[in-house]
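Secondary and tertiary structure notes
The lines below spell out each chain.
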Amino acid sequence: MPISDALPAIPPCAKLKLDGDALVANWKTLNDLSGKAQAGAAVKADGYGLGAVEVTRRLLEAGCRDFFVATWKEARQIASLTNGNAAVSVLNGIRNEDMAFAMQSDAKPVLNSLEQVVRWSSSGRPCDLMINSGMNRLGINVDDLPAINAAPLIIDLVMSHLASADEDVPQNTDQLEDYKAGLEIVSGKRTSLANSAGIALGADYHFDCTRPGLSLYGGVQRAELAGHIKQVATPQAQILQTRRLHSGDQLGYNAGYTAKRSHDIAIIAMGYADGYLRGFSNTGRFFADNVALPVLGRVSMDLVAIDISAAPQLGEGHWVNCDYNLPNASAMSGLSQYELITGLGQRFSHEWG
Ligand SMILES: *Cc1c(COP(=O)(O)O)cnc(C)c1O
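Residues numbered from 1 in each chain as written. Predicted model: local features only at pLDDT ≥ 70, side-chain atom pairs only at ≥ 80, totals over all residues. Heavy atoms only, no water.

**Things to note about the site of the ligand**
Stated precisely, the cut-off is as follows: Any residue with a non-hydrogen atom lying within 4 Å of a molecule or strand is treated as near it. Note on areas: Shrake-Rupley, 1.4 Å probe, and residue coverage restricted to the protein chains presented here. Residues were grouped as follows: Ala, Val, Leu, Ile, Met, Phe, Trp, Tyr, Cys and Pro as nonpolar; Asp, Glu, Lys and Arg as charged; and all remaining residues, including Gly, as polar.
Near the ligand there are 14 residues, and of these Lys44, Tyr48, Ser196, Leu214 and Tyr338 occur at the shortest range. Protein contacts shield 94% of the accessible area of the ligand, which totals 390 Å² for the unbound molecule. Grouping the amino acids of the shell around the ligand by side-chain chemistry returns seven nonpolar, four polar and three charged.

**Some words on the environment of Met270**
As a reminder, the rule being used: Labels follow the DSSP assignment, with helices taken as runs of H or I lasting at least four residues and strands as runs of E lasting at least two, numbered in each case from the N terminus. Pairs of residues are marked as contacts when any of their non-hydrogen atoms sit within 4.5 Å.
Assignment of secondary structure puts Met270 in the loop between β15 (263-268) and β16 (285-288). A sequence separation of eleven residues divides Met270 from Ser281, and the C-alpha atoms of the two residues are 13 Å apart. In this view, Met270 contacts Pro235, Ala237, Tyr276, Phe286, Asp302, Leu303, Val304, Cys322 and Phe348; residues no more than four positions away in its chain are not counted.

**Considering the pairing of strand β9 (residues 154-159)**
Regular strands place their side chains on alternate faces of the sheet. Applicable threshold: Exposure is judged per residue with a 1.4 Å probe applied to protein chains only, and the accessible area is read against the type maximum: over 50% gives exposed, under 20% gives buried, and values in between give partly exposed. The rule for pairing is simple: two strands pair if DSSP sees at least two bridges between them.
With five of six residues buried, β9 is to be regarded as a mostly interior element. Examined bridge by bridge, strand β7 (residues 126-132) and β9 share four bridges and lie parallel to one another. When the bridges of β9 are listed, Met130 appears paired with Met159. Where β9 and strand β10 (residues 190-192) come together, three bridges link them in parallel fashion. Across the sheet, the residue bridging to Leu157 is Arg190, located in β10.

**Focus on the packing of helix α1 (residues 20-33) against helix α3 (residues 52-62)**
To keep it simple, the criterion reads: Axis angles are defined between N-to-C directions and span 0 to 180 degrees, where every axis is a line fitted to C-alpha atoms and, for a helix, only to the segment in contact. Just so you know how the angles are binned, under 35 degrees is roughly parallel, over 145 roughly antiparallel, 65 to 115 roughly perpendicular, and the rest oblique. Helix crossings are classified by the rotation of the near helix relative to the far one: an anticlockwise turn of less than a right angle makes the crossing left-handed, while a clockwise turn makes it right-handed.
The N-to-C vectors of α1 and α3 enclose an angle of 50°; their axes lie 10 Å apart at closest approach. Considering their axes alone, α1 and α3 lie oblique with respect to each other. The element α1 and its partner α3 pack so that their crossing is right-handed. Where α1 approaches α3, its residues Gly20, Leu23, Val24, Trp27 and Lys28 are matched on the opposing element by Val55, Arg58, Leu59 and Ala62. Here the residues of the contact of α1 with α3 sort into six nonpolar, one polar and two charged.

**Focus: the pairing of strand β19 (residues 319-322)**
Bridging between strand β12 (residues 233-245) and β19 involves three bridges; their strand directions are antiparallel. Counterpart to Ala237 in the pairing with β19 is Val320. Looking at chain direction, β16 and β19 are connected through two bridges and run antiparallel. Residue pairing in the sheet places Phe286 in a bridge with Cys322 of β19.

**Re a negative patch on the surface**
Put simply, the rule reads: Patches in this entry comprise residues that are over 30% relatively accessible and not in a salt bridge; like charges within 9 Å are linked, as are nonpolar side chains (Val, Leu, Ile, Met, Phe, Trp, Tyr) within 5 Å. By convention in these notes, a salt bridge is any Lys or Arg side-chain nitrogen within 4 Å of a carboxyl oxygen on Asp or Glu. As used throughout, the charge tally considers Lys and Arg to be positive and Asp and Glu to be negative, leaving His and the chain termini uncounted. Taken as the charge location is NZ of Lys, CZ of Arg, CG of Asp or CD of Glu.
Together, Asp174, Glu177, Asp178 and Asp204 make up a negatively charged patch on the protein surface. With respect to the secondary-structure elements, Asp178 resides in helix α7 (residues 170-185).

**Some thoughts on the pattern of salt bridges**
Enumeration over the complete set of coordinates arrives at 16 salt bridges. In this structure, the salt-bridge partner of Glu54 is Arg57, at a minimum N-O distance of 3.4 Å. Highlighted residues: Glu54 and Arg57, both in helix α3, separated by three residues, approximately one helical turn. Glu54 gets classed as partly exposed once you look at its relative accessible area, which sits at 26%. Arg57 sits in the partly exposed class, given a relative accessible area of 38%. In this structure, the salt-bridge partner of Asp156 is Lys108, at a minimum N-O distance of 2.7 Å. One end of the pair, Asp156, is in strand β9; the other, Lys108, is in strand β6 (residues 108-111), and 48 residues separate them in sequence. We classify Asp156 as buried; its relative accessible area is 9%.

**Looking at the packing of α3 against helix α4 (residues 72-82)**
Contact geometry of α3 with α4 gives a least axis separation of 9 Å together with a crossing angle of 30°. The two elements α3 and α4 meet at a crossing, and its hand is right-handed. Mapping the contact onto sequence places Ala52, Val53, Thr56, Arg57 and Leu60 in α3 and Gln77, Ile78, Leu81 and Thr82 in α4. Taken together, the residues that form the contact of α3 with α4 break down as five nonpolar, three polar and one charged.

Take a look at the structure:
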């Protein structure tokens, strides 16, 4: 049978509520906290899972002029918004396989190795450069930087990346010193070191451009940012069924919860396939208005059980909000704030407000 335009809609049973004002407010806060530096935005991994196009559109309008993606495919995803309006940096750099696309893209590769410098040096096009200041992930070692000075590069951002900016450890000042040593050897138009947590380390770390990601989306990894950063993403799920458990009744896979008294529960349409991982089993919570509804037993692939003793009015078809305040949810689940935000699944209908 041909698919008809007239097929009835299928209303979602799980939604991701996205607060566009909170996203923009977070960028403005991070831009202010960056002092003289301009804040860019890391929108890699599809805008940390929230939708790179929707995020980029809002941040462009707010005044953001530097966007950071991981891959060329991600650069292409936002190109119709950014072309002619903002700079895009591809953090994973430039492979041979990327050259054909990169040569006709407005985005810049972040050159991470001497091989990439050679690959790009005849392009006649701009790039950024990553210095390895001690994280030992991507980037060119300070000792190797003199070798690139002969290459005819048009360098915009000379950057490095902090490994432990969320902690007060000597590695931060060590990296700062190494980065500055690198800047004595290579120069570009602009300098850039700090991610979200790095912004909170203070003016010494700001340079010309900062690169917040996590905190745009509601992540708080340093006390200095608490109270300044707003939650952006809230999963909501619909109640599919309610039932009464009696003392001794067991619930869910491997009987992860046993009732000690009679009480009502609700089964809701969200599970680990949506990114609500098993770390929330018996520890996560949902809200109906401001009433907390604890997760009971194991999170299933498509379902979670919650205790609705405190909200007896709830029934089939009602909606509940997930407690997805990232610092709280991380503490409850043992998952990192990064994993929590980027892991939200494809089944949610995204609803920007
Ligand atoms: C992901 C990333 C960022 C953003 O980091 P957050 O910790 O999410 O703020 C900045 N710079 C680089 C090089 C990155 O890979």
